[in-house]
Amino acid sequence: MGLTATILPILLAIVITIIAYLSSNSASIFQLPKWLWKSETETYLEDKIRFQFPGHSCHVLQEDRQSLDWWRPIDFVTSHAGKDLVEPIVFNGVPGILKVPKLHLHLQTLTSTLANTGVVPFVHLTQWVLENYGHNTPSGFTDKFRSMDLAGLEEVHRRLQHEEFYFLSVLPFTTVPAHRFPKLLGLCGDGFMVERSGVVLGERFIREHGWEEAVKDVAMSFVDFATELDAALLEICDVKLDNFAWNPATKSVLVIDLDSMFFKEALGIQFASRQCRDNADCRYFDCRGDRCDAEAGMCRMEIGDSNLARICRKIFLPRFWQKGLFSAAPLVRIPGLFALAERCGRGGDGSELVFGQLRQMLTD
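Residues numbered from 1 in each chain as written. Predicted model: local features only at pLDDT ≥ 70, side-chain atom pairs only at ≥ 80, totals over all residues. Heavy atoms only, no water.

A.B. asks: Explain the overall build of the protein chain residue by residue, including any values.
C.D. replies: Along its length, the protein chain carries 14 helices and 14 strands. Every one of the 364 residues in the protein chain was classed for burial, and the buried ones make up 45%. Surface summary for the protein chain: the accessible area is close to 18600 Å², and the carbon and sulfur share equals 58%. (Helix = DSSP H or I, 4+ residues; strand = E, 2+ residues; numbered from the N terminus. Buried < 20%, exposed > 50% of the residue type's maximum accessible area, 1.4 Å probe, protein only. Areas by Shrake-Rupley, 256 points an atom, 1.4 Å probe, with all protein chains shown as cover.)

Right, dumping it as structure tokens:
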């Protein structure tokens, strides 16, 4: 009797754990009773709905348990270190992703930075945006501040301290086509919802889609995307396959994680603030600075590579244990594609020539 009483609770705990895993990580028929287990998303939503944040949309948002494989479970943990929560949801019937940024311990308030300055609040917020994100910020975006009251400006200021929310808000004012980034759907507490569209890129996509079927088109779309970023004076610094998705409806790549995007001027300032001993110190994620000024011990402000060079290095070529897009090409074409991608990835002069050669090889 004593042994049974000891073993039964352990077996029950194991069964509950297995059912919870199946319920949260697959399109399973198992659904745990609400009183037995709640996911992080459900707990978050219940808390935010209780407080009814003005202008927020928590009440029309629900967890999408059937779509948890849209983003592989490992990515929820390792690819979003700046977020407390990144999970699929349904917003007013539209598939989306709820992203809840980690709150900075020393988050500034607009009111505290305004004190004794005599500056009009919307002007102050505009200056803050330009100082933090660069003067390439479109004026159409900051012009919206004029019509806001202090409470509205305060909330915008708080949210804009998270880089991804800033770029989701500002990209519609740039020349980058709207299909290249997810649509911002709404707000919920400290979180925000973005539209979920396309198929996340990665090993699984490369295995399941042939070169002629889709992968070649994906590669071409990346080349075009690099030119669109250049035209908008934008640099993307965290370049890996699972930060992008493929939308077969529009036959285009879109970026789904914008945490490490910069306007060109702001990235140059980022480099110029870095101390260095050699050129290898002048990097920010996948972006490379021009070179280290050894005499001054500081990186130069110039950017040493390009969006296309990063895409060639990190998307087209294999990296560590991951295949690159060019790995899916027919065997006879792989050596030529790899050689061109390696040349492209080194950056430097001749980028227009490499761009033309890439387009030629991808259309043959």
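A.B. asks: So what's going on with the pattern of salt bridges? Which residues, and what values?
C.D. replies: The full count for this structure, using the stated rule, is 15 salt bridges. Here Arg180 makes a salt bridge to Glu228, at a shortest N to O gap of 2.7 Å. Taken together, the positions of Arg180 in the loop between α8 (163-170) and β4 (184-188) and Glu228 in helix α10 (residues 211-231) put the pair 48 residues apart, joining distant regions of the chain. Here Lys314 ties to Asp286 by a salt bridge, and the two come within 3.8 Å at their closest N and O atoms. Here Asp286 lies in the loop between β11 (283-284) and β12 (287-288) and Lys314 lies in helix α12 (residues 307-316), a separation of 28 residues in the sequence. (Salt bridge = Lys/Arg side-chain N within 4 Å of Asp/Glu carboxyl O.)

A.B. asks: Describe unusual backbone geometry, naming the residues involved and giving the relevant values.
C.D. replies: Positive phi is not limited to glycine here, since Leu233 has a value of about 60 degrees. Relative to the helices and strands, Leu233 resides in the loop between α10 and β7 (234-236). For Leu233, a relative accessible area of 37% translates into the label partly exposed. Phi angles above zero are rare outside glycine, and Phe285 is one such case at about 50 degrees. Along the chain, Phe285 falls in the loop between β11 and β12. The exposure class assigned to Phe285 is exposed, which follows from its relative accessible area of 52%.

A.B. asks: Break down the nonpolar core for me, citing the residues and quoting the values.
C.D. replies: By size, the foremost hydrophobic cluster in this structure holds 67 residues, and its most contacted members are Phe222, Phe244, Phe316, Leu325 and Leu358. Among the elements that make up this core, the one with the highest residue count is α10 (11 residues). Discounting residues that sit within four places of it in the chain, Phe244 has contacts with Val199, Val200, Leu201, Phe222, Phe225, Ile236, Val239, Val253, Leu254, Val255, Ile256 and Ile315. Counting residues in hydrophobic clusters, the runner-up holds eight residues, among them Leu85, Leu98, Val100 and Cys188. (Core = buried A, V, L, I, M, F, W, Y, C linked by side-chain atoms within 4.5 Å. Contact = heavy atoms within 4.5 Å.)

A.B. asks: Provide a residue-level description of the pairing of strand β5 (residues 191-195), including the pertinent values.
C.D. replies: Of all five residues that make up β5, four are buried, and the element is covered over most of its length. Across four bridges, the pairing between strand β3 (residues 94-101) and β5 is antiparallel. Counted as the bridge partner of Gly96 is Glu195 from β5. In this sheet, β5 lies alongside β4 in antiparallel orientation, the contact comprising four bridges. (Pairing = 2+ DSSP bridges.)

A.B. asks: Can you break down the packing of aromatic side chains residue by residue, with the values?
C.D. replies: In the structure shown here, the tally under the stated rule is 15 aromatic pairs. For the ring pair Phe141 and Phe173, a centre distance of 5.9 Å and an interplane angle of 65 degrees mean the geometry is edge-to-face. Highlighted residues: Phe141 in helix α6 (residues 139-142) and Phe173 in the loop between α8 and β4, separated in sequence by 32 residues. Consider the rings of Tyr166 and Phe167, whose centres lie 4.8 Å apart with planes at 80 degrees: the pair is edge-to-face. Side by side, Tyr166 and Phe167 carry an identical accessibility label, which is buried. One aromatic cluster in this structure is built from Trp128, Tyr133, Phe141, Phe145, Tyr166, Phe167, Phe173 and Phe263. Above the ring of Phe165, the side-chain terminus of Arg159 is found at 5.8 Å from the ring centroid. (Phe/Tyr/Trp six-rings, centres within 6.5 Å; stacked < 30°, edge-to-face > 60°. Lys NZ or Arg CZ within 6 Å of the ring centre and 35° of its normal.)

A.B. asks: Describe the environment of Ile256, and please don't skip the residues or the numbers.
C.D. replies: Here Ile256 is to be found in the loop between β9 (252-255) and β10 (261-263). In this structure Ile256 comes out as buried when scored by relative accessible area, which is 5%. Each C-alpha atom, one on Ile256 and one on Asp242, is 8.4 Å from the other, the two residues being 14 residues apart in sequence.

A.B. asks: So what about the state of the cysteines? Which residues, and what values?
C.D. replies: All told, the structure shown has four disulfides when counted by the stated rule. Paired by a disulfide, Cys237 and Cys287 hold their sulfur atoms 2.0 Å apart. Between Cys237 and Cys287 the sulfur-sulfur dihedral comes to about -95 degrees; the bridge is accordingly left-handed. Here Cys237, found in the loop between β7 and β8 (244-247), pairs with Cys287, found in strand β12; they are 50 residues apart in sequence, far enough to count as distant. By relative accessible area, which is 0% here, Cys237 ends up buried. Cys287 gets classed as buried once you look at its relative accessible area, which sits at 0%. Bridging Cys312 to Cys344, the disulfide has an S-S length of 2.0 Å. Judged by the sign of its S-S torsion, about 80 degrees, the cystine formed by Cys312 and Cys344 is right-handed. (Disulfide = S-S within 2.5 Å.)

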